[in-house]
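Survey of secondary and tertiary structure
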Amino acid sequence: MEKISYDANDIEVLEGLEAVRKRPGMYIGSTDARGLHHLVYEVVDNSIDEVMSGNASYVSVTINTDGSATVIDDGRGIPVGTQSKYNVSALELVMTRLHAGGKFNDKNYKVSGGLHGVGVSVVNALSSAMHVEVHRDGEVHQQSYCRGIPQGPVHLLGKTDRTGTTVTFFPDEDIFETVDFDFETLQYRLRNLAFLNRNVVINFLDQRTGREEHYHYEGGIVEFVSYLNRSRSPLHPEPIFISGEKDGIVVELAMQYTDAFNENVHSFVNNITTMEGGTHLSGLRASLTRTINDYGREHNLFKDGDGLTGEDTREGLTAILSLKVPEPQFEGQTKTKLGNSEARSAVESLVNDKLREYLLENPRTAEVIIRKAVDAAAAREAARRARDLTRRKSLLEGSSLPGKLADCSERDPSRAELFIVEGESAGGSAKQGRDRAFQAILPIRGKILNVEKARMDRILDSEEIRNLVTAMGCGIKDDIDLAKLRYHRIVIMTDADVDGAHISTLLLTLFFRFMRPLIDNGHIYLAQPPLYKVWKGKKEAYVYSDRELAKALEEMGGGASIQRYKGLGEMNPQQLWETTMDPHTRTMKRIEVEDAMKADELFTMLMGDAVEPRREFIMEHAHEVINLDV
Ligand code: 0RA
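What counts, and where the lines are drawn
- Residues numbered from 1 in each chain as written.
- Predicted model: local features only at pLDDT ≥ 70, side-chain atom pairs only at ≥ 80, totals over all residues.
- Heavy atoms only, no water.
- Helix = DSSP H or I, 4+ residues; strand = E, 2+ residues; numbered from the N terminus.
- Rg over C-alpha atoms; globule rule 2.2 N^0.38 Å.
- Buried < 20%, exposed > 50% of the residue type's maximum accessible area, 1.4 Å probe, protein only.
- Polar contact = N/O pair within 3.5 Å; in protein donor to acceptor, adjacent residues only side chain to side chain.
- Contact = heavy atoms within 4.5 Å.
- Pairing = 2+ DSSP bridges.
- Axes fitted to C-alpha atoms, helices over the stretch in contact; angles between N-to-C directions.
- Parallel < 35°, antiparallel > 145°, perpendicular 65-115°, else oblique.
- Left-handed = near helix turned anticlockwise from the far one by under 90°.
- Nonpolar A, V, L, I, M, F, W, Y, C, P; charged D, E, K, R; others polar.
- Phe/Tyr/Trp six-rings, centres within 6.5 Å; stacked < 30°, edge-to-face > 60°.
- Lys NZ or Arg CZ within 6 Å of the ring centre and 35° of its normal.
- Core = buried A, V, L, I, M, F, W, Y, C linked by side-chain atoms within 4.5 Å.
- Salt bridge = Lys/Arg side-chain N within 4 Å of Asp/Glu carboxyl O.
- Expected span 1.5 Å × (residues − 1).
- Disulfide = S-S within 2.5 Å.

1. Examining the overall build of the protein chain
Along the backbone of the protein chain there are 21 helices and 26 strands. Taken over C-alpha atoms, the radius of gyration comes to 28 Å for the protein chain, in line with the 25 Å a tight globule of 630 residues would show. Summarising its shape, the C-alpha atoms of the protein chain cover approximately 80 × 80 × 45 Å along the three principal directions. Put simply, the protein chain has 630 residues, and 52% of those count as buried.

Shown next as structure tokens:
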């Protein structure tokens, strides 16, 4: 027995751990797969802090076969000496105390990452077991924990000639809905970290499969931009790189224009993605608009005095903006919006000066950029005219709803659903099978226009898309108004084959690029029609996956019959209703965009021009693609 009585210090620790285990969501966001992966990020972020402060250069992450994860770094190691105030090892304090985060001394950490900056003690509290090994001052020390509680004192294991920290933890099955680490999820985050910290070497090994990856990008965010543009066509050979420091804020920007029509700008603060943008991003936008307009005017590159809007200057732009901010203020719904006003001026003044300089020194690149923005402005003008025309047309034609729409009688959008159905015959079945009180049907003909390769004016030329937009009622792009959305559930219902998958991807691309608030507010769904019907005698079942099929066959015993549904058209209206449309029996998949960069990558790959990256991407991400397309 190590301890016979609890003192005040122990009680404080126990209370802290208890709080974390009672409300894990408060500390790591959730207890689903996302929360599970946050555990790894939190430990890795501590190692990356050592990298950012110049004390480490190597981080290794391993998913072990026993379900644990190990993170190793070559940093200074967590101090192990006795902390006079509490009379326990500093290591034990860091591992067991909330917000002891370990950052005893602000001088050690100029900037600090950490998703929530909650500290490694939170990971410890949520792990059924955890082992830490520290190499420091020539000695190796070790301590183990169970649900955050030390299982003994800090032990001296022996001598060493290196420094660093090794953490192994087993996520607690009592806390997490799943404890199954996903390779791709971790890979994505680790690769981003390597791009954002050019000096670090990150090794990633999955012992379950033997898959191993090494990330080391000496070019940092310049390589990041090249990577993001690997399936786009750049308009100038190298990304533009701008960096500097102002008011203690370190700013790095890499940017490259491509022939794409969308904007692909991502910002980070202390390695955290600022999904909701913030002051740094508005500083960048202001500066781009100003610098490019100034250059164009001074060089007489505009025909009329109209100039360019901010949006014109960002068409086809891929950029990474990465800041290191000593005391970041995060705001917004998901706390991913930077609030520090000094970040705006730091970015704005830096980019003003250095981009101007770059354009003056590289007139050919400057001209390409201006031409792209001028094209964008012309297209914007054409789109405005097309929109006006559409509005006028719909006024002239009286009833603005498309003729193909079989509307429902419900007028309250929160209770109304729109099924977008591929093909006339499936559309017919859906019209007969539906509950017309609240379900509307819009059949669409074959493949819609690939919006990835078109600008607004051409998109509004497409009758199929116009029908869709008018049926939904909420407008498109800048004109979007969710208050006018006529149905709060928009359901894509296509065949479970390759063509069907293609059509749902086209529709999702349209929603992602041009009607993004529909996705962000959870209005877009994918119907899940069954893949098979299985029956024997009077028993019958619809099954929705191959795994379910195996289970159903086992339950029914030998001699069961199987029908495979290749298309919606093979079901009669009653079957379609029962399996796919009836709210009491159906399952639907709500489309969520967890990470804009990941989604952007997916759509660029799936819908873009470049064939080779697409092939590679589909090989690499086969399960995600299938997931998206089901
Ligand atoms: C507290 C203080 C110091 C470093 C750390 C914690 C630290 C924590 C982790 C977690 C994973 N790897 C880590 N590496 C370091 C400062 C140490 C000093 O002043 O020497």
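2. Quick notes on the side chain of Asn352
Tracing the backbone shows Asn352 in helix 10 (residues 341-361). A distance of 3.5 Å separates the side chain of Asn352 from the side chain of Thr291, its partner in a polar contact. In this structure, Asn352 is in contact with Ser287, Arg290 and Thr291, ignoring residues within four places of it in sequence.

3. Quick word on the sheet that holds strand 22 (residues 524-527)
Here five strands make up an open sheet; going across it, the order is 20-19-21-22-26 and the pairing mixed. Two strands close off the open sheet at either side, each with one partner strand: strand 20 (439-444) and strand 26 (588-590). For this sheet the average axis-to-axis angle between neighbouring strands, irrespective of direction, equals 25 degrees. Lying on the sheet, helix 15 (residues 498-514) is in contact with strand 19 (417-422), strand 20, strand 21 (489-493) and strand 22; it crosses strand 21 at an angle near 150 degrees.

4. Quick word on the packing of helix 8 (residues 279-298) against helix 10
With their axes 8 Å apart at the nearest point, helix 8 and helix 10 run at an angle of 30 degrees to one another. Judged by the inter-axis angle, helix 8 sits roughly parallel to helix 10. Of the two elements, helix 8 crosses helix 10, and the hand of that crossing is right-handed. Within the contact of helix 8 with helix 10, the residues separate by chemical class into 10 nonpolar, eight polar and six charged.

5. What about the packing of aromatic side chains?
Scanning the model with the defined rule gives eight aromatic pairs in all. One aromatic cluster is present, built from ring pairs that chain together Phe195, Tyr217, Phe224, Tyr227 and Phe268. When the ring centre of Tyr41 is taken as origin, the NZ or CZ atom of Arg189, which lies over that ring, is 5.6 Å away. The ring of Trp535 has Lys533 sitting right over it, with the charged end atom 5.7 Å from the ring centre.

6. Focus on the nonpolar core
Counting 61 residues, the largest nonpolar core has Met95, Phe169, Ile202, Phe224 and Ile320 as its most contacted members. With sequence-adjacent residues up to four places away left out, Met95 is seen in contact with Ile78, Val120, Ser121, Asn124, Met130, Val132 and Tyr145. Of all hydrophobic cores here, the second largest spans 47 residues; its members include Leu418, Ile448, Cys474 and Leu606.

7. Remarks on the sheet that holds strand 25 (residues 561-564)
Read from one edge of the open sheet, three strands run 24-23-25, paired in antiparallel fashion. Each end of this open sheet is capped by a strand with a single partner; those strands are strand 24 (539-543) and strand 25. Looking at each pair of strands side by side, their axes are set apart by 15 degrees on average, direction ignored. Of the pairings in the sheet, the one linking strand 23 (residues 532-536) to strand 25 comprises four bridges and is antiparallel in character. Looking at strand 25, one finds that Tyr532 is bridged to Arg564.

8. Overview of the side chain of Thr166
Looking at the secondary structure, you find Thr166 in strand 9 (residues 164-171). Given the relative accessible area of 14%, Thr166 is considered buried.

9. Considering the packing of helix 12 (residues 424-433) against helix 18 (residues 573-581)
One can describe the packing of helix 12 onto helix 18 by two numbers: an axis separation of 8 Å at closest approach and a directional angle of 80 degrees. Taken as axis vectors, helix 12 and helix 18 run roughly perpendicular relative to one another. On helix 18, the residues touching Ala426, Ser429, Ala430, Gln432 and Gly433 of helix 12 are Pro573, Leu576, Trp577 and Met581.

10. Some details on the pattern of salt bridges
All chains considered together, the criterion is met by 39 salt bridges. The partner of Arg208 in a salt bridge is Asp206, with the nearest N and O atoms 2.9 Å apart. Classification of Asp206 as buried rests on a relative accessible area of 2%. The partner of Asp600 in a salt bridge is Arg513, with the nearest N and O atoms 2.8 Å apart. A residue pair is termed long-range when its members are at least 10 positions apart, and Asp600 in helix 19 (residues 596-607) and Arg513 in helix 15 qualify at 87 residues. Across the pair, exposure class does not vary: Asp600 and Arg513 are buried alike.

11. Some details on helix 6 (residues 183-196)
Under the 1.5 Å per step criterion, the end-to-end length of helix 6 is 20 Å for 14 residues, consistent within 8% with the ideal 20 Å. The element helix 6 is extensively covered by neighbouring structure, given that 14 of its 14 residues are classed as buried.

12. A closer look at helix 18
If you check which residues of helix 18 are buried, you get Gln575, Leu576, Trp577, Thr579, Thr580 and Met581. The N-cap residue of helix 18 is Asn572: its side-chain oxygen and the backbone nitrogen of Gln574 are 3.1 Å apart.

13. Details of the state of the cysteines
Inspection of every chain in the model, using the stated rule, returns zero disulfides. Here Cys474 is not cross-linked by a disulfide; its sulfur's nearest cysteine counterpart is in Cys408, at 15 Å.

14. Concerning the pairing of strand 24
Side-chain positions along a regular strand alternate between the two faces of the sheet. Sheet analysis places strand 23 next to strand 24, joined by five bridges and oriented antiparallel. What sits directly across from Val534, in strand 24, is Ala541. Here strand 23 hands over to strand 24 after two residues, with Gly537 in that stretch at a positive phi of 60 degrees.

15. Some words on the pairing of strand 11 (residues 211-215)
With five bridges connecting them, strand 10 (residues 201-206) and strand 11 associate as antiparallel partners. Residue pairing in the sheet places Asn203 in a bridge with His214 of strand 11. The antiparallel hairpin formed by strand 10 and strand 11 contains four residues in its connecting segment, where Gly210 sits at a positive phi of about 85 degrees.

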